Amino acid sequence: MADKVLIVDDEQSIVTLLKYNLEKSGFETEAAYDGVEGLNKAKTGGYDFIILDLMLPGMDGTEVCKALRIEKIETPILMLTAKDEEIDKILGLELGADDYLTKPFSPKEVVARVKAILRRSRKREDSEISTSITVGDITIFPQKYEATLGEETLHFTRKEFELLHYLAQHKGKVLSRDQLLSAVWNYDFAGDTRIVDVHVSHLREKIEPDTKRPIYIKTIRGLGYKMEEPS
């Protein structure tokens, strides 16, 4: 059965181009032309993948992405934008997008990204085990995308959770920002290591008793980050 892709973009020419190339590569496609329609379809359509423009009428792509992740809809998302500013890239990825592509783009590159993200997503799902991971008072449940701190249930974006999970899996090891970019975002953002720093900062706000004196996620100056058992 073919994978089903939802294309959310208000430019008819882009939708037509993407539909042609995706269907030529064996995907089924549907389209939405504004953010509200895209959100409604994404919530009910049973899609395997979403291509989501950042600038949309009615509701922009970041709002759509955020709303889907809040509702625990974890369909992989490739975000498209005409902008090429770091803050837009970071914002989209913070909200749970899996990858980011700036217009103008090659249709073949979009198809390649879709295939790669689906492949990685399924490999990750297949490799996850049900056994929980505990670090101090934090318990992580990989299959459920859930974690607790003592009796409190923690709430993360998808990428925040995946970063926490990866750090916990490698507890006690120093991980460079480049390693974390490759492992969690599965893409070389060529120097955009601030994405990692932003996500670590958000994690610390949720798990550390004092963000200025972290006991779980330590910064190793000049090297990266390390997750430790609190002493």
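What counts and how
- Residues numbered from 1 in each chain as written.
- Predicted model: local features only at pLDDT ≥ 70, side-chain atom pairs only at ≥ 80, totals over all residues.
- Heavy atoms only, no water.
- Helix = DSSP H or I, 4+ residues; strand = E, 2+ residues; numbered from the N terminus.
- Buried < 20%, exposed > 50% of the residue type's maximum accessible area, 1.4 Å probe, protein only.
- Areas by Shrake-Rupley, 256 points an atom, 1.4 Å probe, with all protein chains shown as cover.
- UniProt positions renumbered as here; feature names shortened; annotations may be inferred.
- Contact = heavy atoms within 4.5 Å.
- Axes fitted to C-alpha atoms, helices over the stretch in contact; angles between N-to-C directions.
- Parallel < 35°, antiparallel > 145°, perpendicular 65-115°, else oblique.
- Left-handed = near helix turned anticlockwise from the far one by under 90°.
- Pairing = 2+ DSSP bridges.
- Phe/Tyr/Trp six-rings, centres within 6.5 Å; stacked < 30°, edge-to-face > 60°.
- Lys NZ or Arg CZ within 6 Å of the ring centre and 35° of its normal.

K.L.:
Could you give an account of the overall build of the protein chain, with specific residues and numbers?
P.N.:
Summing up its helical and strand segments, the protein chain has eight helices and 11 strands in all. Taking all 231 residues of the protein chain together, the buried fraction comes to 50%. When the accessible surface of the protein chain is totalled, it reaches about 11,400 Å², and 49% of it is carbon and sulfur.

K.L.:
Explain the UniProt feature "modified residue: 4-aspartylphosphate" (unreviewed entry) in the protein chain to me, using residue names and the numbers behind them.
P.N.:
Under the UniProt annotation, the feature "modified residue: 4-aspartylphosphate" (unreviewed entry) is placed at D53. Once residues lying within four places of it in the same chain are set aside, the contact partners of D53 are V8, D9, D10, G61, L80, T81 and K103.

K.L.:
How would you summarise the packing of helix 6 (residues 158–169) against helix 7 (residues 177–185) if you had to cite specific residues and measurements?
P.N.:
Interaxial distance between helix 6 and helix 7 falls to 10 Å at its minimum, and their mutual angle equals 120 degrees. Judged by the angle between their axes, helix 6 and helix 7 are oblique. As helix 6 runs across helix 7, the sense of the crossing is right-handed. From helix 6, K159, E162, L163, Y166 and L167 reach across to helix 7, where they touch L180, A183, V184 and W185.

K.L.:
Would you mind going over the sheet that holds strand 7 (residues 138–141) in detail, with residue names and values included?
P.N.:
Reading across the sheet, the four strands line up as 6-7-8-9 and stay open at both edges, with antiparallel pairing between neighbours. The outermost strands of the open sheet, each flanked by one partner alone, are strand 6 (133–135) and strand 9 (152–154). On average, adjacent strands in this sheet sit at an angle of 25 degrees to one another, irrespective of strand direction. Pairing analysis gives four bridges linking strand 7 to strand 8 (residues 146–149), with the strands arranged antiparallel. Its bridge partner lying in strand 8, T139 is registered against T148. Docked against the sheet, helix 6 engages strand 6, strand 7 and strand 8, running at close to 110 degrees with respect to strand 7.

K.L.:
Got a sec to walk through the packing of aromatic side chains? Specific residues and values, please.
P.N.:
Counted by the stated rule, this structure contains two aromatic pairs. Within the aromatic cluster, the residues linked to one another by ring pairs are Y145, F156 and F161. K4 extends its terminal NZ or CZ atom over the ring of Y47, reaching a point 5.0 Å from the ring centre.

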